[in-house]
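Examining the three-dimensional arrangement
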Amino acid sequence: MSRLKTVFSKLKGRRCALIPFITGGDPAASVTTPLMHALVQAGADALEVGMPFSDPMADGPAIQMGHQRALAQGVTTQAVLQMVADFRRDDKTTPVILMGYVNPVETMGYDVFARRSSEAGVDGVILVDLPPEEAQVWRAAASGVGLDTIFLLAPTTTGDRIASISAASSGFLYYVALKGVTGAGHLDVGEVEAKIASVRAVTGLPVGVGFGIRDPESAAKLARVADAVIVGSAIVERIAQAASPDEAVRNAAAFVRSLRAALPTREASPA
Amino acid sequence: MSYDQPDEHGHFGVYGGQFVAETLMGPLALLTEAYQNARRDPDFQAELAADFRDYIGRPSPLYWARRLSAEVGGARIYLKREDLNHTGAHKVNNTIGQALLAKRMGKKRLIAETGAGQHGVATATVAARLGLSCAIYMGAEDIVRQAPNVRRMRLLGAEVVSVTLGSRTLKDAMNEAMRDWATTVDDTFYVIGSVSGPHPYPMMVRDFQAVIGREARAQILEQEGRLPEALVACVGGGSNAMGLFYAFLEDQGVALYGVEAAGAGLDSGRHAAPLTAGAGRGVLHGTRSYLMFDGDGQISGTHSISAGLDYPGVGPEHAWLKDSGRAHYVAVDDKAALAAFHHLTRLEGILPALESSHALAYAEQLAVKLGPKAAIVVNLSGRGDKDVETVAAHEGTVSCHG
């Protein structure tokens, strides 16, 4: 069973999974692997690691700056894969998902990227600007090495697309909670709840929710309806504000601990 | 065989497509449907034709530049005078079309990216006319070098948003406009200014700009009694070139030349010529095309004296036309473009935009090569008033240091 499946089946009916996002190489390449371990100790159930890109069009200012800080250090896609490989030496169980944009992946080659990701211990990949319609080659490469392909759903996704995107996805579905970019501040929990119900009507895959979850309170609210909450910008901001790499790790871990403490546990599934 | 690109998913061979975050896929499907309906609707086409005539001032003249031709000493050079359009460039052909579509779709707000500011001005203009609110994204560097256009946009009631991330030019303005659109899709229409971006934009912008070539073809037949040997147009994203070329694609005897910006020289790496420099295939801003990027897939910084050509990608249909051999792509550097700017100004009393000056520079070379029996049509895509300060500043620099 894949690491993602194991985590979701272990938590099913008990608690929503917590998935923090960090950008690989932000604030420095040497910090990422220790930061990943610290986030797991703070209560992360899986980790999402961003592959830096010069033009991150779906990201708000916080994560854009994270990408820029990493690129300024010379961090490449290959370097991020190495960070995951380093993490995997000491952690065999926590799923790692890479999130990025398609041009660096196409540049490496879909097959090469898929193989190296799998060898590094990556479990799933989200390519933000690669919708399923353009993803045939990528999906074949990923499934060939057992990588999950996680596609996005959005508030603007129509009913028939929900079905086709679900069919192209494995691991989980990533529901983008708002119209906008990462880190935006206009989350509507009621709207998300209604949309997730319509997603669950067509798929048995777990549904993660991200974009706009900024604090323990909003994480707790969405944890009642989602199988995973994904928190990125709020963590990346804490990393940016830290005076040193050590402080960045401490602040990010403390924040993830507060998120985890806020997630409600369920006695048993009422349904 | 008739030309029928793109396919229904917006692919020109391996190029084009829709590479955007999921939030925009639904809105792009609605836009495609609305455009296909409008395209077949005689009322929409009639409204567009009336605006072309009465608001833009079309048809734009095809002008035989006698003194320039004589000075160069070769083919007869004809200028398609898009600089005489309302707002001073070809951009308004497209913004009129997209704004009519926005109105039809019930949108209340227009947004756009701009490099030289011509597309921003053309969008702010149609927004004012239709009573729509308007925000224009522009790189901080371009705001400095195209200050007159920034003032024009503000006078027209648009908010000009300075983009300070990344390279602070057109590429970053487009990133920011796409972020805005993802946030405001319900009431906002994104007016893309070139034959780039996700489907249906490359097709739609080409269709609106195709009026340039339709007119030019009829005009040259009337003036010369035959088709020209060649067409020449500058290519940043490539909308004025696509607009000129489209009506001639099946006229195999007419050679098509797209002129990119070689900046400080193709060898210097400081240019904006992905087609000519043989850049790789890549994905940016919703489309697959030739693109300038490094070994890790990070998009490269570009350089051109002309803000409107300072872009690392190019429209996907140009990539297709290059690979198919139907069109040829060449590059002209800053220095040659500036020389051509002065030639036209002094010989014909026409100040060309620095973008169009790239096409003029190549046309001069081509005219000599083709000889006096030939005729060439150059797209004079915009007027150079906006560039007067840039030219002065650049030549000030040259005279101080050189």
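This is a predicted model, so every value here is computed, not measured.

As a further point, take the overall build of chain B. Within chain B, the secondary structure is distributed over 15 helices and 14 strands. For chain B, whose C-alpha radius of gyration is 19 Å, the value lies close to the compact-globule estimate of 21 Å for 402 residues. The buried share of chain B, reckoned over its 402 residues, is 65%. Within chain B, residue pairs in contact and separated by at least 24 positions form 73% of the contacts whose partners lie at least 6 positions apart.

Take the sheet that holds strand S8 (residues 188-190) of chain B next. Residues and elements named next belong to chain B. Across the sheet, which stays open at both edges, the four strands sit in the order S7-S6-S5-S8 with parallel pairing between neighbours. Both edges of this open sheet fall to strand S7 (159-163) and S8, since each of them pairs with a single strand only. Each strand axis lies, on average, 25° off the axis of its neighbour in the sheet, ignoring direction. Note that strand S5 (residues 109-114) and S8 share three bridges and pair parallel. Within S8, the position partnered with Ile-111 by the bridge is Tyr-190. Packing of helix H5 (residues 118-130) onto the sheet brings it into contact with S5 and strand S6 (133-139), and relative to S5 it is tilted by some 170°.

What follows covers the packing of aromatic side chains. How two aromatic rings sit relative to each other is given by the distance of their centres and the angle of their planes. Tallying each qualifying case throughout the model produces 14 aromatic pairs over all chains. Each ring, one from B:Trp181 and one from B:Tyr201, has its centre 6.4 Å from the other, and the planes form 75°; the classification is edge-to-face. Of the two residues, B:Trp181 sits in helix H8 (residues 170-184) while B:Tyr201 sits in helix H9 (residues 201-209), which places them 20 residues apart along the sequence. Clustering of aromatic rings is evident, with ring pairs tying together A:Tyr110, A:Phe113 and A:Trp138. Directly above the aromatic system of A:Phe255 lies the positively charged group of A:Arg238, at a separation of 3.7 Å from the ring centroid.

Okay, empty space enclosed by the protein next. What the rule picks out here adds up to six cavities of 30 Å³ or more. Elements that contribute at least two residues to the lining of the largest cavity include exactly S5, H5, H8, helix H11 (239-245) and helix H14 (354-370) of chain B. Its residues assigned to classes, the lining of the largest cavity comprises nine nonpolar, 19 polar and five charged. Of the volumes computed, that of the second largest cavity is approximately 180 Å³. Contributions of two or more residues to the lining of the second largest cavity are made by strand S2 (47-50), helix H3 (61-72), strand S3 (96-100), strand S9 (228-231) and helix H11 (233-241) of chain A.

What tends to happen in soluble globular proteins is that the nonpolar side chains get buried as a cluster. Of all hydrophobic cores here, the largest spans 118 residues; its most connected members are A:Phe172, A:Tyr174, B:Leu110, B:Met153, B:Tyr190, B:Leu244 and B:Phe245. Those residues within four positions of B:Leu110 in sequence are excluded, and the remaining contacts are B:Ala99, B:Ala102, B:Thr123, B:Val126, B:Ala127, B:Leu132, B:Ser133, B:Cys134, B:Ala135, B:Phe189 and B:Val191. A:Leu153, A:Ile239, A:Val249 and A:Ala252 belong to the second largest nonpolar core, which has 75 residues in total.

Our next topic: the pattern of salt bridges. Summed over the entire model, instances satisfying the criterion amount to 38 salt bridges over all chains. A salt bridge links A:Glu119 to A:Arg115, with the shortest nitrogen-to-oxygen separation between them at 3.9 Å. Taken together, the residues span about one helical turn, with A:Glu119 and A:Arg115 both in helix H6 (residues 110-120) at a distance of four residues. One connected set of salt bridges, linked through shared partners, spans B:Arg39, B:Arg206, B:Asp207 and B:Glu317.

All names here are of chain B. If you trace the six strands from one edge of the open sheet to the other, you get S3-S4-S14-S9-S10-S13, paired in mixed fashion. The open sheet has two edge strands, strand S3 (62-64) and strand S13 (327-333), and neither has a second partner. Adjacent strand axes in the sheet meet at a mean angle of 25° when their direction is disregarded. Sheet topology places S3 next to strand S4 (residues 76-81); three bridges connect them, and they run antiparallel. Across the sheet, Trp-64 pairs through a bridge with Tyr-78, a residue of S4.

The next thing to look at is the confidence of the model for chain B. Residue and element names in this part refer to chain B. A residue-level look at chain B finds 98% of positions with pLDDT of 70 or above and a mean pLDDT of 95. Here helix H15 (residues 388-401) stands out as the element of chain B with the lowest mean pLDDT, 75, in contrast to strand S9 (residues 230-234), whose mean of 99 is the highest. What the predictor reports for the complex is a pTM of 0.96 with an ipTM of 0.96.

All names here are of chain A. Among the seven residues that make up strand S1 (residues 17-23), seven are buried, leaving the element largely enclosed by the rest of the structure. Neither face of S1 is open: one carries Ala-17, Ile-19, Phe-21 and Thr-23, the other Leu-18, Pro-20 and Ile-22, and all of them are buried. The pairing of S1 with S9 spans four bridges and is parallel. Residue pairing for S9: Pro-20 is matched across the bridge by Val-231. Of the pairings in the sheet, the one linking S1 to S2 comprises three bridges and is parallel in character. Its bridge partner lying in S2, Ile-22 is registered against Val-49. Between the parallel pair S1 and S2, the chain is carried across by helix H2 (residues 29-41), and the sense of this crossover is right-handed.

Our next topic: helix H7 (residues 136-144) of chain A. All names here are of chain A. Residues of H7 that are buried: Trp-138, Ala-141 and Ala-142. Seen from one end, H7 has its buried residues packed into an arc of 95°, which puts them on one side. Along H7, exposed side chains directed more than 90 degrees from the buried face belong to Gln-136, Ser-143 and Gly-144. Buried-residue contacts for H7 involve H6, strand S4 (124-127) and strand S5 (148-149). Downstream of H7 by one or two residues, Gly-146 has phi in the positive range, about 75°.

Residues and elements named next belong to chain B. Two numbers describe how helix H4 (residues 91-104) lies on H9: the axes approach to 8 Å, and their chain directions differ by 115°. Between H4 and H9 lies a crossing whose hand is right-handed. Along the contact surface, H4 presents Lys-91, Asn-93, Asn-94, Gly-97, Gln-98 and Leu-101, while H9 presents Tyr-201, Met-204, Val-205, Phe-208 and Gln-209. Its residues placed into classes, the contact of H4 with H9 shows five nonpolar, five polar and one charged.

What counts and what doesn't
Residues numbered from 1 in each chain as written. Chains lettered and ligands numbered in written order. Predicted model: local features only at pLDDT ≥ 70, side-chain atom pairs only at ≥ 80, totals over all residues. Heavy atoms only, no water. Helix = DSSP H or I, 4+ residues; strand = E, 2+ residues; numbered from the N terminus. Rg over C-alpha atoms; globule rule 2.2 N^0.38 Å. Buried < 20%, exposed > 50% of the residue type's maximum accessible area, 1.4 Å probe, protein only. Contact = heavy atoms within 4.5 Å. Pairing = 2+ DSSP bridges. Axes fitted to C-alpha atoms, helices over the stretch in contact; angles between N-to-C directions. Phe/Tyr/Trp six-rings, centres within 6.5 Å; stacked < 30°, edge-to-face > 60°. Lys NZ or Arg CZ within 6 Å of the ring centre and 35° of its normal. 1 Å grid on protein atoms, 1.4 Å probe; cavity = no way out; pocket = protein on both sides within 12 Å on 5 of 7 lines; lining within 4 Å. Points joined across faces, edges and corners; volume = space filled by probe spheres on them. Nonpolar A, V, L, I, M, F, W, Y, C, P; charged D, E, K, R; others polar. Core = buried A, V, L, I, M, F, W, Y, C linked by side-chain atoms within 4.5 Å. Salt bridge = Lys/Arg side-chain N within 4 Å of Asp/Glu carboxyl O. pLDDT = per-residue confidence, 0-100. Right-handed = clockwise from strand over helix to strand, strands pointing away. Arc of directions from axis to C-beta. Left-handed = near helix turned anticlockwise from the far one by under 90°.

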